[in-house]
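Fold and contact review
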Amino acid sequence: MTRRLLNYQRLLGMVVTMLCLLGIAAYSTMPRQEDPSFPYRAGMITVSYPGASAEAVERLVLQPLTDELRQVEELDWSQGTARTGVALARLKLRDRIYDTDSAWDRVRQAMERARQDFPDDVGLMELDDRLIDIPAVVLAVGGSPSVTELSEVAERLKQNLLDIPGISRIELEGDADEQITLALDDAALYRLGVPPKRILDTLARRNQTIPGGFVVVEGKRLSVLPNTEFTDIDAIRATPIELPDGSQVPLAAAAEVWRGPAEPRQPETWFDGERVVLLSIIMEEGSTDAIRFGERIRERLDQVRPDFEPYQLREMFFQPDKVSDRLDDLAWSLVLSVLIIVAVVFTGMGIRMGLLVASILPMVALISVGLYDLGGGVLHQIAVIGMVISLGILIDNAIVIVENIQGHLDEGMRRLDALRKAVGELAGPLGASTGTTLAAFAPLLMAKGGAADFTRGVPVMIMLTLSVSYLLAISAVPLLAARFLKPRKNIHKDRLIGLASYLGGLVYRHPGRLITAGALLVVISLGMTPFMAQQFFPNADRPRVIVEMYMPEGTDQARTSEVAAVLEQAIRTRPEALEVHRFVGFTGPSFYYNLQRSPQAPNRARLVVRTPTLADTTDLVKWIRHEAARSLPELDITAGILGQGPPRPAPVEVRVFHPDDNARARATEQVYSILRGVEGTVDVRHDLDIGVPSIAINVDDATAARYGLTRADVAQSLYGQSYGAVAERYRQEDDPIPIVLRSREGTSLSLSRLLSVNTYNDQGDAIPLSAVATVETTWEPAAVYLRNGVRVNTVSANLEEDYSFSQALDGLYAGLDQNPLPAGTRLDMGGDAEGSDRANSALLTAAPIGMLLLLFFLLLQFNSFRRVGIILLTVPLATVGIFPGLVLSGSPFGFQSLLGVIALVGIVVNNAIVLLDVMDRELERGRAIADAVRTAVERRTRPILLTTATTVAGLLPLAFSTSSTLWPPMAWAIISGLLASTVLTLLVIPSVCTKLIKLPVGEPENAPA
């Protein structure tokens, strides 16, 4: 191999140069995002069942639907909600599913099978399998008090933006659909003797699209267009209605006709106090540069803005700016890490060797970026972080190679001989150490699930850069080193050599004491684990407060809007509230990747408050909680900041199961009461509801039959009076507008007025409702919740700063020990506990493969189980620094810290590998084990300390980062663990070798057959 390197130096140089140029080109053109994209594993089914109670929706819709969904093997769970007139089912595919399109096709097939068991009057059933789509840009259209007018302007703006490259789709939110209302006058209908059904039939006959054919005139076809459709509102008012005596009156004589917003009220949006309509622009992820995409959006807006005056086009959320800021911050961290590493290398190795070692950094970075782009990679914060972590590790191979070549030159060896010997000695050990690092990251690469998908860029980039660095370390770096290095003078003045001699002497004289001290330190470190807080993922670093508002089930949207406006006005009095956006009837656009999307509900609202800094959110959140509790007692809120990692409803979520509704309600109240008393929990809420009052219309079938009526006639009459019946559609606009026939008051109809309505039979006779039915007031559930078809209630809670989900659950368990739940109750933990368990389980599932690869590389290098066991001792020795480091730095132990521990495993074994490699070579020369170990420590202390220093130095910008909350826990886990492990590896591992190893690895015995 070395001979070939010498013969093809020019070819090698050209290949490296071309790959570096590829990296430069890739960096300037590759797509950019702030965060990775997730597979489409989340979906929601919406089924309309007008007029049905929550229990009827559960029994007739949700249960049949759930039974069919159970047969979809790709489905992990379903969460069903039955409300009056609607069924909602949230679905989650299994973590192992990446071909989501085919899985959702099977879900659709299950939906069609379930529809066969639905009642005939069940309405539209839809599946949204793109729940996790995040709008890159949210624009607000304002400047008019008319929402209908703003909706038209927003639609026009949408048409102006759709052709921008990179747009997947544009959704309008907060817009107002229109309807043409025919408000019937019951008194006039009764006087004229006209039943509503006759009006419906007349409108249907009058508003038809009937072709008139064509005629040929002078060889050309002329279309004949009969006037069979309504052309304007006046034509509807003038529609002749036939009376019983054969005469006719215009529709206006029996109904008032107007055009206005659709009823009931649709979701509403406010931009900093002004009613607006939103355009959520969703970008094609994975193939589009978000930064350039944002520039194209702004450029087009600047072009069209004069055409939309006096309307205002404003940016509510603009993700490309966040992408630019995030990647710029990480780029500076990358540059700072490089500078610190270069400074460390120059300090420890001198200018000449330092330049050679530092030269590998830009080469590896550029080549890795080029290969990453060729593989379809997207540049986001996770990939950049992976590169930052790998900076200190990838330089290790170059340090060891250069140190070895320099050592041979110092001994008087010729340049090419030094190159040959160094590569021959170290290609195997460095390959094994690189392989073990790759093996340590293999479980992260192969793990499935949301957390693994989010962080997969870290192992991908680290494994890529390490592989490139190894290839360069045994090819380009030795050639450069042999050309530019010179023998050193005054070697003994190096302080590191003196330190190496001292450490070697300690191992030689006191191996037993060092082993005992190492074991004691491991025990002390493990004893610090109870002081370590657990956290799945840290909160985000966005200076925004999210206030989720829940009014009691059954609350009308108008009331929800009033309460939300009151709280918004109160928040505006706070100086730290720079902007307040309000969304009523839904939760607004999901402008952040793990922000939960909820279906439309009249009792839901959300406020998004922007503050100057992240620190300002803490006091504001506490104030909002206090203000809501003081002035709005009917309102239930959760207030907090944005989170990181896979989406979840709340950090603490407890699902309560029991077959008996009353027992489950008692258990839910008990869990709720205990969690409220646990220190650190806030915004504790449950989904139990006291129900809603309902009016039961009990039709006397015999009496109704005498009048020629059925229950269906009565139900349709009542529905038409309040909600209205769609008579026809007005087709003169871009989108057809429904023509709705109802009473003048609609849903505002008074109770006494509702009970006095007339019901019409087939002959057109008007029969008062009181003649065929009695009225009874009942109380029924507002909502019924199911999980995988089983009734469930949920208790959730947020956490105060510096508290973890594990502390909240410990408090819950302690309370339940003192006051047990009703017999038969089952608890299921969601939130961060479930996410953490799933993420850890995914890693543990893939861990055996990583362990096998690790053992493979170690056995390939050493061919000794005893030596492999000694090398693996470095892993528990690393805990001496990990746990104290996290506790002292105030970093919680979560998935990010676990990433650091995994990275640490791959790093720390490398030090032991190069140490034992020297020891074995000394044993092969016939030296005693004590002398061999001493020599190994003296020769490897310098490169080991340098590689540790470069790794730690490269991570310092992340550890002290103020622009991101995501990475300091991982950085501190690696830094503290590596510092402790390095010292103990130089002392304890050699000491163990003196006790367990006496001879080099022997050849297999050629025993007689």
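Description of the structure in this document.

Cut-offs used in this document
- Residues numbered from 1 in each chain as written.
- Predicted model: local features only at pLDDT ≥ 70, side-chain atom pairs only at ≥ 80, totals over all residues.
- Heavy atoms only, no water.
- Helix = DSSP H or I, 4+ residues; strand = E, 2+ residues; numbered from the N terminus.
- Buried < 20%, exposed > 50% of the residue type's maximum accessible area, 1.4 Å probe, protein only.
- Contact = heavy atoms within 4.5 Å.
- Areas by Shrake-Rupley, 256 points an atom, 1.4 Å probe, with all protein chains shown as cover.
- Lys, Arg positive; Asp, Glu negative; His and termini not counted.
- Charge placed at Lys NZ, Arg CZ, Asp CG, Glu CD.
- Salt bridge = Lys/Arg side-chain N within 4 Å of Asp/Glu carboxyl O.
- Expected span 1.5 Å × (residues − 1).
- Arc of directions from axis to C-beta.
- 1 Å grid on protein atoms, 1.4 Å probe; cavity = no way out; pocket = protein on both sides within 12 Å on 5 of 7 lines; lining within 4 Å.
- Points joined across faces, edges and corners; volume = space filled by probe spheres on them.
- Nonpolar A, V, L, I, M, F, W, Y, C, P; charged D, E, K, R; others polar.
- Bend = angle between axes of the 7 residues up to and from the residue.
- Phe/Tyr/Trp six-rings, centres within 6.5 Å; stacked < 30°, edge-to-face > 60°.
- Lys NZ or Arg CZ within 6 Å of the ring centre and 35° of its normal.

On to the overall build of the protein. The helix and strand inventory of the protein stands at 31 helices and 30 strands. Each principal axis of the C-alpha atoms in the protein carries an extent, and together these give about 125 × 85 × 70 Å. Residues classed as buried in the protein amount to 56% of the 1009 residues present. For the protein, the share of sequence-separated contacts (at least 6 apart) that also reach a separation of at least 24 residues comes to 80%. Per element, the accessible surface of the protein, about 44100 Å² overall, is 55% carbon and sulfur. Between the mean site of the 95 positive side-chain charges and the mean site of the 116 negative ones, the protein shows a separation of 11 Å.

What follows concerns the pattern of salt bridges. Counting across every chain of the model gives 55 salt bridges. A salt bridge links Arg 791 to Asp 661, with the nearest nitrogen and oxygen atoms 2.7 Å apart. Of the two residues, Arg 791 sits in strand E29 (residues 790-799) while Asp 661 sits in helix H21 (residues 661-677), which places them 130 residues apart along the sequence. In this structure Asp 661 comes out as partly exposed when scored by relative accessible area, which is 35%. Shared partners join several salt bridges into a network, and the residues in it are Asp 76, Lys 92, Asp 95, Glu 653, Arg 655, Arg 787, Asp 828, Glu 834 and Arg 838.

Turning next to unusual backbone geometry. For the bond running from Glu 309 to Pro 310, omega is 10 degrees, close enough to zero to count as cis. Here Pro 310 lies in the loop between helix H9 (290-304) and strand E15 (312-318). The phi dihedral of Asn 788 is positive, around 55 degrees, even though this residue is not glycine. Of note in this structure, Asn 863 is not a glycine but carries a positive phi near 50 degrees. Structurally, Asn 863 can be placed in the loop between helix H26 (831-862) and helix H27 (865-872). The class of Asn 863 is exposed, set by a relative accessible area of 56%.

Below, the discussion takes up helix H2 (residues 9-29). For H2, which comprises 21 residues, the first-to-last C-alpha distance of 31 Å matches the rise-based estimate of 30 Å (1.5 Å per residue) to within 8%. Looking only at H2, the buried set comprises Leu 12, Val 16, Cys 20, Gly 23 and Ala 26. Projected down its long axis, H2 carries its buried residues within an arc of 120 degrees, all on one side. Exposed and facing more than 90 degrees away from the buried side of H2 are Arg 10 and Thr 29.

Taken as a whole, this structure holds four cavities of 30 Å³ or more when the rule is applied. Taken as a whole, the largest cavity encloses approximately 150 Å³ of empty space. If you go around the largest cavity, you meet 15 residues; those closest to its centre are Asp 396, Asn 397, Leu 430, Ser 433 and Asn 910. Here the residues of the lining of the largest cavity are counted per class, giving seven nonpolar, seven polar and one charged. Space inside the second largest cavity adds up to approximately 40 Å³. What lines the second largest cavity is Gln 535, Phe 536, Phe 537, Pro 538, Pro 892, Gly 894, Phe 895, Gln 896, Ser 897 and Pro 969. Considering each element in turn, the lining of the second largest cavity owes the most residues, three residues, to helix H29 (residues 895-924).

The end-to-end C-alpha distance of helix H13 (residues 415-446) is 43 Å, a good match for the 46 Å that 32 residues give at a rise of 1.5 Å each. The principal kink in H13, of about 40 degrees, is found at Leu 426, preceding the proline Pro 429 by one to four residues.

According to the stated counting rule, one finds eight aromatic pairs in the structure shown. With centroids separated by 6.2 Å and ring planes inclined at 15 degrees, the aromatic side chains of Phe 38 and Tyr 593 adopt a geometry described as stacked. One end of the pair, Phe 38, is in the loop between H2 and strand E1 (42-48); the other, Tyr 593, is in the loop between strand E17 (579-584) and strand E18 (604-610), and 555 residues separate them in sequence. For Tyr 593, a relative accessible area of 11% gives the class buried. Centroid distance Phe 454 to Tyr 593: 5.3 Å. Interplanar angle 10 degrees. Geometry classified as stacked. With Phe 454 in helix H14 (residues 450-455) and Tyr 593 in the loop between E17 and E18, this pair connects stretches of sequence that are 139 residues apart. Assigned by exposure class, Phe 454 and Tyr 593 land together as buried. Feature note: the residues Phe 38, Phe 454, Tyr 592 and Tyr 593 constitute an aromatic cluster, connected by ring pairs. One cation-aromatic arrangement involves Arg 32 over Tyr 27; the distance from NZ or CZ to the ring centre is 4.8 Å. The positively charged end of Arg 582 is found above the aromatic ring belonging to Trp 270, 3.8 Å away from the centroid.

Geometric values such as these leave the question of function open.
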